Amino acid sequence: MSPNDPSPSVVAVVAAYRPDPSLTDTVRALQQQVAHVVVVDDGSPDGSEAVLAGLADAGALVVRQPQNSGIAAALNAGVAAARTHWNPDFFLTLDQDSRPVGEYVRRGLATYARATAAGMGVGFVTAASYSGHPIPVLHTDGRFVHAFDPMQSGFLIPRSTVDRLGPFEEALFIDGVDSEFTMRTRAAGLSVLVGEGCDIAHDLGQREPGRLFGRPVRVLGREISYNYHSPSRVYYICRNGTLLTLRYLRKYPGWVLRRLVEELKAHILRFTFSPGRAKLLRAAVAGFTDAVRGSTGRIPAELERRLR
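The following refers to the structure shown. (Residues numbered from 1 in each chain as written. Predicted model: local features only at pLDDT ≥ 70, side-chain atom pairs only at ≥ 80, totals over all residues. Heavy atoms only, no water.)

### Here's the deal with the nonpolar core
Judged by nonpolar contacts, the single largest core of 62 residues is most densely connected at Val10, Leu30, Val34, Val37, Val39, Leu92 and Phe168. By size, the runner-up hydrophobic cluster in this structure holds twelve residues, among which are Tyr235, Ala283, Ala286 and Leu307. (Core = buried A, V, L, I, M, F, W, Y, C linked by side-chain atoms within 4.5 Å. Buried < 20%, exposed > 50% of the residue type's maximum accessible area, 1.4 Å probe, protein only.)

Now the structure itself:
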């Protein structure tokens, strides 16, 4: 595809699990921006059939995974299906609770085209903000902004990048999949650019107020809050974050150290205010230990059972 191509083809790939009926509206909205939509159901239990049928009726290609295999496997299955059916120029990866706002795709393609025309090798383009909250920036290069550690929801990836780098790393299962793909892209000498004016309406999660002795905690007049995660999710956060640290520390120490600072702040809030801190600590220790061992894949079934 030439960067001057006025109409590159784009297919959206949406990873879903127990999808809400509102995803049907998202599919219809996406069809105003992309040529086709693929929804990958990542092994949802019984009870999702009606929603999945509604997605198909709305025009989405629905791919069913036989079991929950993680976000990377779901995205890879969607990309593979898109290539088989349409072989588009670009893939737009999304979470089920994300909806690109306005002319997201057109603006992302415009950023890609401008950078490519300027001689820059672009791995992919990311969202500039989520529900109006700007993403962290690594640095700027003239009018081009390089993303620090973007979420995969909103990755606008040219087919050439997939051909060159391969799929998302399924061994990480959940957390860190986007970070690994970002750094693999940079290691290949390609840029990860923020799409100018690209916003995604995204469910940022329910933040819980930090409380000590039953009272809200305030610092400089601001109430402290945190995102609660289950023990199993904390296992993945700690294991995969450590795996990425070990993998990229020597080549990208600045990126790793900045990421560690952000993770440390989240851990301090999590282990200070979350309920069930004993299980969270056991999950974290297991995650760190497995990372040092080089373990990947889904959390061990016995450990997952003990953390419930």
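Let us keep going from here.
### Examining the sheet that holds strand S5 (residues 98-100)
One open sheet holds the four strands; their spatial order is S5-S13-S7-S8, and the pairing between them is mixed. Each edge of the open sheet is held by one strand with a lone partner, namely S5 and strand S8 (133-134). Across two bridges, strand S7 (residues 129-130) lies against S8 in antiparallel orientation. When the sheet's bridge partners are listed, Tyr130 is paired in S8 with His133. (Pairing = 2+ DSSP bridges. Helix = DSSP H or I, 4+ residues; strand = E, 2+ residues; numbered from the N terminus.)

### Observations regarding the packing of helix H6 (residues 177-187) against helix H7 (residues 231-248)
At their nearest, the axes of H6 and H7 sit 10 Å apart, and the two run at 15 degrees to each other. When the interaxial angle is binned, H6 and H7 end up roughly parallel. As H6 packs across H7, the resulting crossing turns out to be left-handed. Across the interface between the two elements, Ser179, Glu180, Met183 and Arg184 of H6 pack against Leu244, Arg247 and Tyr248 of H7. (Axes fitted to C-alpha atoms, helices over the stretch in contact; angles between N-to-C directions. Parallel < 35°, antiparallel > 145°, perpendicular 65-115°, else oblique. Left-handed = near helix turned anticlockwise from the far one by under 90°. Contact = heavy atoms within 4.5 Å.)

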